[in-house]
Amino acid sequence: MRHPFAPARLLVGLTALTLGTVYGLDALGLRQAPGPWLFLTLPAGLLLAGITSAVWTRSRRRHHPHHPAGSSPTGP
């Protein structure tokens, strides 16, 4: 079964991956992580994901008509 594309989840995952990588590199001493950048990255990524989710949901509603409750657009 295929799952629908969720761009907001992709952005949250990329944000978490970026933060984890930067913290890991900082812990290993390979790169110095700038403090303010790290504190601003998480809220910025979550805000961007929220905006993306709202736009994505609105555009999908506009392109796909509403189906009555209990019925599936792909069948039973």
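Residues numbered from 1 in each chain as written. Predicted model: local features only at pLDDT ≥ 70, side-chain atom pairs only at ≥ 80, totals over all residues. Heavy atoms only, no water.

Undergrad: Which parts of the structure should I look at to understand the packing of aromatic side chains?
TA: Ring pairs (aromatic) are described by centroid distance and by the angle formed between their planes. Summed over the entire model, instances satisfying the criterion amount to one aromatic pair. Note on phenylalanine 5 and tryptophan 56: the rings are 5.7 Å apart at their centroids and 80 degrees apart in plane angle, and the pair reads as edge-to-face. Residue phenylalanine 5 is located in the segment before helix 1 (7-28), and its partner tryptophan 56 is located in helix 2 (residues 35-63); the two are separated by 51 residues in the primary sequence. Its relative accessible area of 32% is what places tryptophan 56 among the partly exposed residues. (Phe/Tyr/Trp six-rings, centres within 6.5 Å; stacked < 30°, edge-to-face > 60°. Helix = DSSP H or I, 4+ residues; strand = E, 2+ residues; numbered from the N terminus. Buried < 20%, exposed > 50% of the residue type's maximum accessible area, 1.4 Å probe, protein only.)

Undergrad: I tried to follow a nonpolar patch on the surface on my own but got confused; where do I start?
TA: A cluster of nonpolar side chains, Phe5, Leu10, Leu14, Leu17 and Trp56, forms an exposed patch at the surface whose accessible area comes to about 500 Å². Per-element tally for the nonpolar patch: the top contributor is helix 1, with three residues. Tracing the backbone shows leucine 10 in helix 1. (Patch = residues over 30% accessible without salt bridge, like charges linked within 9 Å, V, L, I, M, F, W, Y side chains within 5 Å. Areas by Shrake-Rupley, 256 points an atom, 1.4 Å probe, with all protein chains shown as cover. Salt bridge = Lys/Arg side-chain N within 4 Å of Asp/Glu carboxyl O.)

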